[in-house]
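Chain and residue survey
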Amino acid sequence: MKVVKFGGSSLTDGQNVEQALNIVLSDPERRAIVVSAPGKRSDDDIKITDLLIKYAGMTLKSEDTNEIVQNIFMRYQEIGHYFGLSDQELKVIKDILLALPNQTYPNSSYLMAAFKAHGERLNARLIAMILQHQGVKSRFLDPTEAGLIVTGQPNDALVNPESYLNLDQIKIATGERIIFPGFFGITPSGNIATFSRGGSDITGAILARGFHADMYENFTDVNGIFAANPHIVDNPQSIKKMTYREMRELSYAGFSVFHDEALIPVIQGQIPINVKNTHEPDQPGTIIVPEKDFVPDNIITGVTSQKHFSALYLHKYLLNKEAGFTLRILQILYKHNVPYEHMPSGIDDITIIFNNDFLNDQLIDQICNEIQATINPDQLEWIDDYAIIMVVGEGMKKYHVVSRQILDSLGDHDISPRMINQGASQISMMIGTKKEKADEAVKIIYHLSV
Ligand SMILES: Nc1ncnc2c1ncn2[C@@H]1O[C@H](COP(=O)(O)OP(=O)(O)O)[C@@H](O)[C@H]1O
Ligand SMILES: N[C@@H](CC(=O)OP(=O)(O)O)C(=O)O
């Protein structure tokens with residue numbers, strides 16, 4: 001059997017949902033369907049998830065929410081009407097939306113998670129109603145009923161392994177389709193908690209493992225995974241086949257088309273992933289497979305950049321002889337609950353690279369002051385303007401000359417790397433640059449790879 005996930009970009013309106021359902025019905029193996037909340041219908045539209053975040057915020061501030069509820073409901077109503085559902089049949093969706101503020105939540109973070117999750121919960125319910133209306137044997141299955149248990153942060157949850165045992169018990173009748181909402185699970189105490197943004201990919205992966213699927217098909221709005229972000233490189237080539245670890249490195253480093261955490265359940269279950277286009281389902285898309293089933297065609301598979309970093313540069317002579325130097329820095333970061341992304345070092349220097357999401361100006365000042373006082377470095381410099389370019393390819397392991405070509409080409413364009421780090425897996429190379437040079441660097445490296 002196949003688990004199939006449709007992203008919000010594939011479920012924007014009635015016509016899109018019809019395309020998705022045709023895909024489902026064209027293959028009897030497509031038995032478990034994971035859906036996201038309806039996405040943007042045009043560039044200036046708002047995703048349902050973002051409308052729900054606004055609804056939660058207004059509820060917390062006790063503002064009038066009639067208009068926002070109506071706006072959210074209208075999106076579902078429009079899809080329902082396209083398939084001939086009556087307002088009477090759709091009333092349940094409005095009732096659930098209106099009832100959200102009246103539930104009890106442990107705190108405002110759980111309230112936010114529950115509101116957000118209803119984008120997918122109501123869409124799955126609606127799509128099951130549409131299929132039933134068309135006479136297709138189908139069932140809405142909720143994470144509560146399925147036992148998709150999660151722990152951790154209410155808006156950044158992690159799957160609990162018990163979920164796989166629960167999913168294993170679920171019977172899908174012959175010819176039946178299960179419609180499952182993406183993006184959230186239920187905590188052991190029965191509250192809703194969501195994965196991080198884009199997390200319906202994770203739900204699809206959990207179901208693929210839990211149901212022992214032969215394939216996880218992930219439908220989006222482009223022909224698979226491109227070798228570079230299409231917003232940076234014009235018409236990038238689509239990758240035919242790649243490995244789990246290539247995808248994990250690339251999605252972690254900026255390929256937002258597939259969530260990096262969604263790789264983990266499929267790797268554990270050794271299930272191939274096929275990223276495909278809902279609008280062109282006959283195109284092969286990208287297949288993501290275990291390393292043992294892969295022979296690289298190219299040296300570089302993909303290149304990506306991320307610009308949300310800062311770095312702390314520390315210089316101290318004989319740093320390499322001072323036991324506990326790094327430990328004392330890490331203790332300061334730990335005290336302030338600040339994680340770091342990377343820490344390349346030399347004999348007398350170390351750079352610590354941070355994700356800006358975990359920082360603010362006050363925290364930066366505190367950390368710098370404490371490091372200055374504790375470590376007494378010869379030089380301490382905070383660098384705001386930091387981007388990381390990640391070049392990934394299984395073929396890079398064999399052809400070390402590619403690193404030199406990359407650096408030479410960047411140098412020819414006056415881009416001098418601030419840091420170079422060859423990953424321990426030898427399939428990736430990380431290059432630190434100024435933010436303003438990041439897109440240009442991606443273009444240069446992409447054109448070397450094709
Ligand atoms: N390397 C890449 N390959 C394909 N798409 C990419 C890549 N990087 C960014 N994207 C963007 O990701 C979008 C699909 O991701 P997303 O909008 O989250 O889809 P969905 O709603 O289907 O989950 C594409 O429309 C594309 O613009
Ligand atoms: N709707 C959620 C979860 C998700 O995965 O959405 P999408 O499939 O549209 O990326 C979000 O916007 O984050």
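Residues numbered from 1 in each chain as written. Chains lettered and ligands numbered in written order. Predicted model: local features only at pLDDT ≥ 70, side-chain atom pairs only at ≥ 80, totals over all residues. Heavy atoms only, no water.

Across the sheet, which stays open at both edges, the eight strands sit in the order S3-S6-S2-S1-S9-S11-S12-S10 with mixed pairing between neighbours. Each edge of the sheet is formed by a strand with only one pairing partner; in this case those strands are strand S3 (138-140) and strand S10 (241-243). Averaged over all adjacent pairs, the angle separating strand axes in this sheet is 20 degrees, with direction ignored. Here S3 runs beside strand S6 (residues 177-181); their pairing, made up of three bridges, is parallel. Residue Phe 140 lies in a different strand from S6, and its bridge partner there is Ile 179. (Pairing = 2+ DSSP bridges. Helix = DSSP H or I, 4+ residues; strand = E, 2+ residues; numbered from the N terminus. Axes fitted to C-alpha atoms, helices over the stretch in contact; angles between N-to-C directions.)

Attention shifts here to the layout of surface pockets. Of the voids in this model, the second largest pocket is the one considered here, and its volume is about 320 Å³. Ser 238, Ile 239, Lys 240, Asp 297 and Asn 298 are, among the 16 residues lining the second largest pocket, the residues nearest its centre. Its residues assigned to classes, the lining of the second largest pocket shows seven nonpolar, five polar and four charged. (1 Å grid on protein atoms, 1.4 Å probe; cavity = no way out; pocket = protein on both sides within 12 Å on 5 of 7 lines; lining within 4 Å. Points joined across faces, edges and corners; volume = space filled by probe spheres on them. Nonpolar A, V, L, I, M, F, W, Y, C, P; charged D, E, K, R; others polar.)

Okay, the UniProt feature "binding site: ATP" (unreviewed entry) in the protein chain next. Here, UniProt's "binding site: ATP" (unreviewed entry) annotation points to Thr 220 and Asp 221. Mapping Thr 220 onto the fold places it in strand S9 (residues 215-220). A residue is classified by how much of its surface remains accessible, and Thr 220, at 9% relative accessible area, is buried. Those residues in contact with Thr 220 that lie beyond four places of it in its chain are Ser 9, Ser 10, Val 257, Val 275, Lys 276, Asn 277 and Thr 278. Considering the arrangement of structural elements, one finds Asp 221 in the loop between S9 and S10. (UniProt positions renumbered as here; feature names shortened; annotations may be inferred. Buried < 20%, exposed > 50% of the residue type's maximum accessible area, 1.4 Å probe, protein only. Contact = heavy atoms within 4.5 Å.)

Let us now look at the site of ligand 2. By nearness alone, every residue bordering ligand 2 is listed as Lys 5, Gly 7, Gly 8, Ser 36, Lys 47, Thr 49, Glu 120, Phe 183, Arg 197, Gly 198, Gly 199 and Ser 200. A distance of 2.9 Å is found between an oxygen atom of ligand 2 and a side-chain nitrogen or oxygen belonging to Lys 47. Against a free-state accessible area of 340 Å², the protein chains account for coverage of 90% of ligand 2. Of the residues assigned to the shell around ligand 2, the class counts are one nonpolar, seven polar and four charged. (Near = heavy atom within 4 Å. Polar contact = N/O pair within 3.5 Å; in protein donor to acceptor, adjacent residues only side chain to side chain. Areas by Shrake-Rupley, 256 points an atom, 1.4 Å probe, with all protein chains shown as cover.)

This part takes up the packing of helix H3 (residues 66-82) against helix H5 (residues 108-133). Remark: H3 packs on H5, axes separated minimally by 10 Å, with the N-to-C direction vectors making an angle of 15 degrees. Comparing the axis directions of H3 and H5 gives the class roughly parallel. When the axes of H3 and H5 are compared, the crossing they make is right-handed. The segment H3 lies against H5, with Tyr 76, Ile 79 and Gly 80 engaging His 118, Gly 119, Leu 122, Asn 123, Leu 126 and Ile 130. Per-class residue counts for the contact of H3 with H5 are five nonpolar, four polar and no charged. (Parallel < 35°, antiparallel > 145°, perpendicular 65-115°, else oblique. Left-handed = near helix turned anticlockwise from the far one by under 90°.)

In this structure, Asp 348 sits in the loop between helix H11 (325-335) and strand S14 (349-355). When neighbours within four sequence positions are excluded, Asp 348 is seen to be in contact with Leu 314, His 315, Lys 316, Tyr 317, Leu 318 and Leu 319.

In the region of ligand 1, 18 residues are neighbours, and Ser 9, Thr 220, Asp 221, Phe 226 and His 231 sit closest. With respect to ligand 1, the side chain of Thr 220 contributes an N or O atom lying 2.8 Å from an oxygen atom. In this structure, an oxygen atom belonging to ligand 1 sits 2.7 Å away from a side-chain N or O atom of Asp 221. Relative to its unbound accessible surface of 570 Å², ligand 1 loses 84% to contact with the protein. Residue classes in the shell around ligand 1 are distributed as eight nonpolar, eight polar and two charged.

Before going further, it helps to spend a moment on empty space enclosed by the protein. The probe, sized like a water molecule, is rolled over the atoms to show the empty space still left. The tally for this structure, following the rule as stated, stands at one cavity of 30 Å³ or more. One number sums up the size of the largest cavity: a volume of about 40 Å³. In terms of lining residues, the largest cavity is bounded by Tyr 252, Ala 253, Gln 306, Phe 309, Glu 341, His 342, Ile 388, Met 390 and Met 430. Broken down by secondary-structure element, the contributors of at least two residues to the lining of the largest cavity are strand S13 (302-315) and strand S15 (379-392). Considered class by class, the residues forming the lining of the largest cavity number six nonpolar, two polar and one charged.

Across the sheet, five strands lie side by side as S14-S13-S15-S17-S16; this open sheet has antiparallel pairing. Looking along the sheet, the strands with just one partner apiece sit at the ends: S14 and strand S16 (419-422). Ignoring strand direction, the axes of neighbouring strands in this sheet form an average angle of 30 degrees. Two elements, S16 and strand S17 (residues 428-433), share four bridges in a ladder whose sense is antiparallel. Its bridge partner lying in S17, Asn 421 is registered against Met 430. Where H11 meets the sheet, it contacts S13 and S14, and its direction lies at approximately 20 degrees from that of S14.

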